[in-house]
Amino acid sequence: MPQFEQLDTFASQIFWLIVTFTVLYIILSRMVLPRIGTVVTTRQKKIDDDLSRAESLKQKAAAVQEAYEESLAKAAEDARAVHKQAAEEIAAKSEKEHAKLGASLADDAKQADERIAASKTTALEDLQASAVEVVQAATERLIGVSVDEGAARSALEAAGGSK
């Protein structure tokens, strides 16, 4: 085996080791390592660009979120103002309608009182006329004397039948 015969093949092994190492070194240093370096540099540049783009998008998102929150707060404030205004308008309208209804009810009550008073007066007059007729009929039947309406009314008033 030539590996065990070190003295005979030592010089040729060293020669081929140096030749192989030199060829590999030249191939790696001239072709492979520059390509790897380019890939690493390109990759690092892409990572840096992505990080800077992400940072700018994060800042834009924060600005948009802040604008959204301000808009939301303004909308809520506007909604509260509209609600307050609507409540005030409804309260004013309700109060106006309440006053109108109260006046209408008071007018209706006054008219009803007037109708009741008129009905009472009419009923009393009818009652008085009926009482005069009863007095005339009773006088004629009891004592046989026909009494005129004026005398019957006077007698009824004297007895306290008319107020």
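Each chain carries its own residue numbering, running from 1 in the direction its sequence is written. This being a predicted model, a pLDDT of at least 70 is required before a residue's local features are given, and a value of 80 or more before pairs of side-chain atoms are given or counted; all residues contribute to the totals for chains, interfaces and linings. To obtain the side-chain values, all non-hydrogen atoms of the structure were included, while hydrogens and water were left out.

## Details of the packing of aromatic side chains
Working definition: an aromatic ring pair is given by the centre-to-centre distance plus the angle between the planes. Working definition: a ring pair exists when centres of Phe, Tyr or Trp rings (six-membered ring for Trp) sit within 6.5 Å. Plane angles under 30 degrees give stacked, over 60 give edge-to-face, the rest tilted. Counted according to the given criterion, the structure contains 1 aromatic pair. When the ring of Phe15 is compared with that of Trp16, the centres are 5.1 Å apart and the planes differ by 75°; the resulting orientation is edge-to-face. Exposed residues in this analysis have more than 50% of their type's maximum accessible area, buried residues have under 20%, and partly exposed residues fall in between, with area computed by a 1.4 Å probe over protein chains only. For Trp16, a relative accessible area of 54% gives the class exposed.

## Regarding a negative patch on the surface
Taken together, the side chains of Asp107, Asp108, Asp113 and Glu114 make up a negatively charged region of the molecular surface. A run of H or I in DSSP counts as a helix once it spans at least four residues, and a run of E counts as a strand once it spans at least two, with each numbered from the N terminus. Looking at the element boundaries, Asp108 is found in helix H1 (residues 6–143). For patch detection, residues must exceed 30% relative accessible area and be free of salt bridges, and they are connected within 9 Å for like charges or within 5 Å for nonpolar side chains (Val, Leu, Ile, Met, Phe, Trp, Tyr). Areas reported as accessible are Shrake-Rupley estimates using a 1.4 Å probe. Residue values count occlusion only from the protein chains shown. For salt bridges, the criterion is a side-chain nitrogen of Lys or Arg within 4 Å of an Asp or Glu carboxyl oxygen. Only four residue types enter the charge count: Lys and Arg as positive, Asp and Glu as negative, with His and the chain ends excluded. A charge is said to be at NZ when it belongs to Lys, at CZ for Arg, at CG for Asp and at CD for Glu.

## Points about the pattern of salt bridges
In total, this model carries 3 salt bridges according to the counting rule given. Between Arg80 and Glu77 there is a salt bridge, with the nearest N and O atoms lying 3.3 Å from each other. Of the two residues, Arg80 and Glu77 both sit in helix H1, 3 residues apart, roughly one turn of that helix. When the shortest N-O distance is used, the salt bridge between Arg153 and Glu149 registers 3.0 Å. Note that Arg153 and Glu149 are positioned in helix H2 (residues 149–158) at a spacing of 4 residues, about one turn of the helix. Among the residues examined, Arg153 registers a relative accessible area of 27% and is labelled partly exposed. Judged by its relative accessible area of 46%, Glu149 is partly exposed.

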